[in-house]
Amino acid sequence: VRDHLERNPLGTLKHVKSAGFDCVELAGFGGLTAGEFQRALQEAELTAIAAHLPYEAVTQDLDTLLEEMRPFHMGYWVV
């Protein structure tokens, strides 16, 4: 999915939804900002429920990371 997401984020997310998924786990934003990606998820009727996050961001700049992830309203992150 990652390779397709880079080329066509919204189209890829819509394909994920049409494959029967309602939720996704984030591992980047496909070249979009966090806000843009959240809007694309909403348009595709998907919800982010978890995220892979860089260890360095968690240990070195947690406040910025938390602010970036705020639009997704998720409860689980994988570091």
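Every chain is numbered independently, its residues counted from 1 as its sequence is written. Local features in this predicted model are restricted to residues whose pLDDT is 70 or higher, and side-chain atom pairs enter the listing and the counts only when it is 80 or higher, whereas totals over whole chains, interfaces and linings include all residues. Only heavy atoms go into the side-chain values, all of them from the structure, while hydrogens and water stay out.

*Asks:* What is the right way to read the overall build of the chain from this model?
*Replies:* Helix numbers and strand numbers start at the N terminus; a helix is a DSSP run of H or I with at least 4 residues, a strand a run of E with at least 2. Looking only at helices and strands, the chain has five helices and three strands in total. For the chain, whose C-alpha radius of gyration is 12 Å, the value lies close to the compact-globule estimate of 12 Å for 79 residues. Overall, the C-alpha framework of the chain stretches about 35 × 25 × 20 Å when taken along its three principal axes. Counting the 79 residues in the chain, one finds 32% classified as buried. Radius of gyration here uses only the C-alpha atoms, and the compact-globule reference equals 2.2 Å multiplied by the residue count raised to the power 0.38. Partly exposed describes any residue whose relative accessible area lies between the buried limit of under 20% and the exposed limit of over 50%, with all areas from a 1.4 Å probe on protein chains only and scaled to the type maximum.

*Asks:* Could you clarify how one ought to interpret the pairing of strand S1 (residues 23-26) in this entry?
*Replies:* Within a regular strand, the side chains alternate between the two sheet faces. Of the two faces of S1, the one lined by Val 24 and Leu 26 is fully buried and the one lined by Cys 23 and Glu 25 carries no buried residue. By the convention used here, strands pair only if DSSP detects at least 2 bridges between them. Judged from the four bridges that link them, S1 and strand S2 (residues 47-52) form a sheet pairing that is parallel. Residue pairing across strands places Cys 23 opposite Thr 47, the latter belonging to S2. With the strands pointing away from the viewer, any crossover whose connection runs clockwise from the first strand over the helix to the second is right-handed. Taking the sense of rotation as the criterion, the β-α-β connection linking S1, helix H3 (residues 34-43) and S2 turns out right-handed.

*Asks:* What is the right way to read the pattern of salt bridges from this model?
*Replies:* A side chain with one charge may pair with a side chain of the opposite charge, provided their charged atoms come close. By salt bridge we mean one thing: a side-chain nitrogen of Lys or Arg within 4 Å of a carboxyl oxygen of Asp or Glu. Applying the stated rule across the entire model yields three salt bridges. Of the charged contacts in the structure, one is a salt bridge between Lys 14 and Glu 43, with a shortest N-O distance of 3.6 Å. Taken together, the positions of Lys 14 in helix H2 (residues 9-18) and Glu 43 in helix H3 put the pair 29 residues apart, joining distant regions of the chain. What makes Lys 14 partly exposed here is its relative accessible area of 40%.

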